[in-house]
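Structural description and commentary
If you want the building blocks of each chain, they are given just below.
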Amino acid sequence: MKKLLLAFIVLTITGVNGLSQTYYDGNNVPLIHEPDTITTLKDIIAVQQDLINREQYSAHIGNVWKRAGFFNLIYHYPGTMTFTDTGSGTVGANAPKFTAKYGFGIQSGKNHKLHKKPIGNMFAINLDFLPLDLYCNIYKDNNTKLPYGTPEDMDSNGWDYKMFEINYSMSLGPSLTLAPLVPTKIRGLGFFKINAYFHVGYCAALVLLNGTKEKSTVGGLDFGHGLYTSYGATLSWKAIGVGFEHRSGTSKYMSIRDNSSSKNNNLATLDGYKILSAQNRIFINFRF
């Protein structure tokens with residue numbers, strides 16, 4: 001019995017050893033290979049962790065670039081109106097210039113990326129469309145006198161005007177967005193973005209005039225329209241930011257009151273005037 005058991009053990013060991021060997025065909029090509037490496041639990045965990053890290057980073061990049069819309073609360077510092085052509089020869093350096101005492105506005109638009117994904121996760125080229133740019137300037141307590149009336153009035157003792165300007169416009173133009181801190185290990189820093197832009201737009205404006213000279217008063221309501229350009233930059237973090245913009249453009253004005261009636265003898269008008277409007281604008285930027 002012992003001899004039989006010993007023979008069985010020897011045969012079993014021989015068979016296992018034969019299965020673990022590599023066999024070759026007639027061309028000496030191995031038919032069975034022993035495994036070169038052994039996959040451990042540590043390797044499986046490392047692969048799984050790498051997949052998780054990639055998914056988290058992809059989600060982080062998506063969060064960095066998901067806020068393409070924006071809304072701005074604007075303060076003019078300052079806004080000006082320069083009468084480049086008054087029809088009375090006061091042009092160029094001699095043209096009357098008004099500076100707004102107060103100026104506020106709102107602006108809304110969206111950065112439309114011209115490519116599907118940000119370049120290197122850090123850079124985007126956009127085409128911006130702003131369907132809303134609305135502001136109001138209040139001009140008063142200016143030292144400048146706007147010539148009005150007879151030639152005798154067109155001197156340093158001309159009418160002292162207060163003006164209220166409401167301006168609505170739409171614009172379009174390119175912008176570049178950079179998220180320079182995306183590669184850093186601190187994910188929160190990746191949300192800092194810089195956006196620089198140049199826009200071209202068309203505006204329509206209403207100007208209400210109220211002039212005084214000694215005991216006389218005049219008033220008028222005028223409509224103007226024209227092209228303008230703007231350029232600026234914003235610095236934002238997630239949904240909040242700050243920015244600066246310079247905007248300027250020339251509009252031609254016409255009176256929208258009927259000055260043929262005798263009741264409008266005290267009418268002041270910008271009819272036919274060309275006025276350069278310019279604003280330095282600082283704003284709070286909200287992104288969504």
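Residues numbered from 1 in each chain as written. Predicted model: local features only at pLDDT ≥ 70, side-chain atom pairs only at ≥ 80, totals over all residues. Heavy atoms only, no water.

**Quick look at the overall build of the chain**
Across its full length, the chain holds two helices and nine strands. Reading the secondary structure of the chain in the N-to-C direction produces α-α-β-β-β-β-β-β-β-β-β. In the chain, buried positions account for 35% of the 288 residues. Restricting the contact set of the chain to residue pairs at least 6 apart, pairs at least 24 apart contribute 72%. Carbon together with sulfur atoms contributes 63% to the accessible area of the chain, which is approximately 17,500 Å² in total. (Helix = DSSP H or I, 4+ residues; strand = E, 2+ residues; numbered from the N terminus. Buried < 20%, exposed > 50% of the residue type's maximum accessible area, 1.4 Å probe, protein only. Contact = heavy atoms within 4.5 Å. Areas by Shrake-Rupley, 256 points an atom, 1.4 Å probe, with all protein chains shown as cover.)

**Points about the pairing of strand E7 (residues 216–237)**
Note that E7 and strand E8 (residues 240–255) share 14 bridges and pair antiparallel. Bridged to Ser 236 within E8 is Gly 241. Connecting E7 to the next strand, E8, in antiparallel fashion are two residues, including Lys 238 with a positive phi near 55°. (Pairing = 2+ DSSP bridges.)

**Topic: the nonpolar core**
Counting 16 residues, the largest nonpolar core has Met 81, Phe 83, Met 163, Val 207, Tyr 253, Leu 270 and Ile 275 as its most contacted members. Listed by contribution, the elements that provide at least two residues to this core are strand E1 (69–85), strand E5 (160–178) and strand E6 (192–213). Ranked by residue count, the leading element in this core is E6, at three residues. Setting aside anything within four residues of it in sequence, one finds Ile 275 in contact with Met 81, Thr 82, Phe 83, Thr 84, Gly 249, Thr 250, Ser 251, Tyr 253 and Leu 270. Residues Trp 65, Ala 124, Ala 179 and Val 182 belong to the second largest nonpolar core, which totals seven residues. (Core = buried A, V, L, I, M, F, W, Y, C linked by side-chain atoms within 4.5 Å.)

**Here we look at the environment of Ile 256**
Assignment of secondary structure puts Ile 256 in the loop between E8 and strand E9 (274–287). Separated by 33 residues in sequence, Ile 256 and Phe 223 have C-alpha atoms that sit 6.5 Å apart. In this structure, Ile 256 is in contact with Leu 206, Leu 221, Asp 222 and Phe 223, ignoring residues within four places of it in sequence.

**A look at the packing of aromatic side chains**
All told, the structure shown has five aromatic pairs when counted by the stated rule. With a centroid separation of 6.4 Å and an interplanar angle of 35°, the aromatic rings of Tyr 75 and Tyr 77 are classed as tilted. On the numbers, 5.7 Å between centres and 50° between planes, the contact of Tyr 75 with Phe 104 is tilted. With Tyr 75 in strand E1 and Phe 104 in strand E3 (residues 102–113), the pair connects residues that are 29 residues apart, well separated along the chain. (Phe/Tyr/Trp six-rings, centres within 6.5 Å; stacked < 30°, edge-to-face > 60°.)

**Some points on unusual backbone geometry**
Each neighbour pair has its own omega, and for Tyr 77 with Pro 78 the value is -10°, a cis peptide bond. Structurally, Pro 78 is set in strand E1. Not every positive phi belongs to a glycine, and Asn 121 is a case in point at roughly 65°. Along the chain, the position of Asn 121 falls in the loop between E3 and strand E4 (123–139).

**Points about the pattern of salt bridges**
Throughout the structure, instances matching the rule amount to three salt bridges. A salt bridge links Glu 245 to Arg 281, with the shortest nitrogen-to-oxygen separation between them at 2.8 Å. Here Arg 281 lies in strand E9 and Glu 245 lies in strand E8, a separation of 36 residues in the sequence. Note on Glu 245: relative accessible area 2%, which makes it buried. A network of salt bridges, in which partner residues are shared, links Asp 133, Glu 245, Arg 247 and Arg 281. (Salt bridge = Lys/Arg side-chain N within 4 Å of Asp/Glu carboxyl O.)

**Here's the deal with the confidence of the model for the chain**
Segments scoring low in pLDDT should not have their predicted coordinates read at a detailed level. Averaged over all residues, the pLDDT of the chain is 81; the fraction at 70 or higher stands at 73%. Low pLDDT (under 50) marks residues 149–156, which in the prediction has nine contacts with non-local residues, meaning those over four places away or in another chain. Residue range residues 260–264 is modelled with pLDDT below 50. Its contacts to residues more than four positions away, or to other chains, number two contacts. (pLDDT = per-residue confidence, 0-100.)

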